[in-house]
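The chain contents come next:
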Amino acid sequence: MAGLKLAFLGTPDFAVPTLAVLLEAGHDVRAVYSQPPRPAGRGHSLRKSAVHAYAEDAGLPVFTPKRLKKPAEIEQFRALDLDAAVVVAYGQILSKDILDAPRLGCFNVHASLLPRWRGAAPIHRAIMAGDTETGISIMQMDEGLDTGPVLLMKRTPINDDDTTLSLHDRLASMGGPMMVEVLEKVALGTINAAAQPETGISYAHKIDKAEAEIDWSQDAAILARKVRGLYPFPGAYTWIKGERVKLLAARLIPQEDPNAIPGTVLDDQLTIACGNNALRLEQIQRPGRAAMDRDTFLRGFPVTAGQLLTPHKSA
């Protein structure tokens, strides 16, 4: 089958593998849309998105409208004479004018088993909720938030040691081949979209940095999932001796003393009492420092058994 005339709309590194696979498959990517460059780093210099940088390196025209809604931008999009548009974590809700412009429609790579985890942070939320599996859904887009009919879905387990980083990379590699398969079948008329079920709907709200603070009164299993689900960004954190430290890896440990106050350091291995069981901190990051293992952290920042980790900087 001859390559389709496509626009690609995406922003973060999660979207890059799909764009790469579309190009490798011979599709005619006529334009790439991405979020505008944003200030980053200590110097706050403008940084292009991962998709923007990749597309420019590939010699593709890139457009970065703050909102893809102005009449001139819509007409420019229509003038591309597209067969389809592929959307992967673009970061904008598309208007009906944009959705209706391509001949075959707009198709989205979404990192969940829809309708489970519609919304902005499906990978984080799946891990934090204790889901045992997730996957990629290829959806034909409509005006709702991840509500369109699904054309193809593939599953992958969430392992006990998966973090958002590891699951992100695995799911990102799945999306491209699935999209190529769907586009070919849509063009040939050999695939049907299935409406999403009305039950089992959940929303993956954007991660609020405030929710990244560890509440030691919670069950250790919940906190272990939070550490994995918030790695690498924004990172779960706690306060130790008045210093805010990120928790990059932690392990669930049976707690022998059920009467230990949550937040109490139980031993010299940074095992912390929780509401139920305990959490042993394996990898930590102090402000302005590189990540370090527990032993390295304790050599430079001694923490003794019996110390109480309180949830305030004034501790």
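Conventions adopted
Residues numbered from 1 in each chain as written. Predicted model: local features only at pLDDT ≥ 70, side-chain atom pairs only at ≥ 80, totals over all residues. Heavy atoms only, no water. UniProt positions renumbered as here; feature names shortened; annotations may be inferred. Buried < 20%, exposed > 50% of the residue type's maximum accessible area, 1.4 Å probe, protein only. Contact = heavy atoms within 4.5 Å. Helix = DSSP H or I, 4+ residues; strand = E, 2+ residues; numbered from the N terminus. Salt bridge = Lys/Arg side-chain N within 4 Å of Asp/Glu carboxyl O. Arc of directions from axis to C-beta. Lys, Arg positive; Asp, Glu negative; His and termini not counted. Polar contact = N/O pair within 3.5 Å; in protein donor to acceptor, adjacent residues only side chain to side chain.

This part is about the UniProt feature "binding site: (6S)-5,6,7,8-tetrahydrofolate" (unreviewed entry) in the protein chain. Within the UniProt annotation, "binding site: (6S)-5,6,7,8-tetrahydrofolate" (unreviewed entry) is assigned to S112, L113, L114 and P115. The class of S112 is buried, set by a relative accessible area of 0%. Discounting residues that sit within four places of it in the chain, S112 has contacts with W117, P122, T134, G135, I136 and S137. For L114, the location among the structural elements is in the loop between β7 (106-110) and β8 (118-119). For L114, a relative accessible area of 5% translates into the label buried.

Moving on: the pattern of salt bridges. Tallied over the entire structure, the rule returns 16 salt bridges. The partner of E133 in a salt bridge is R155, and the shortest N-O contact between them spans 2.6 Å. With E133 in strand β9 (residues 133-140) and R155 in strand β10 (residues 150-157), the pair connects residues that are 22 residues apart, well separated along the chain. On the accessibility criterion, E133 (35% relative accessible area) is partly exposed. Two residues, R170 and D162, come together in a salt bridge whose shortest N-O distance is 2.9 Å. Overall, the relative accessible area of 25% leaves R170 in the partly exposed class. In the salt-bridge network here, residues are joined through shared partners; they are E75, R78 and D97.

Before going further, it helps to spend a moment on helix α3 (residues 71-78). For α3, the set of buried residues is E73, I74 and F77. Axial view of α3: buried residues confined to an arc of 100 degrees, hence all on one face. In this structure, α3 carries P71 and A72 as exposed residues pointing more than 90 degrees from its buried face. Where α3 is buried, its residues contact β1 (5-10), β2 (28-33), β6 (84-88) and α4 (96-100).

All right, on to the side chain of R228 then. Mapped onto the fold, R228 is located in helix α7 (residues 220-229). Despite its burial, R228 pairs with no opposite charge; the closest candidate is D160, at 5.6 Å N-O. A distance of 2.6 Å separates a polar atom in the side chain of R228 from the backbone oxygen of D162.

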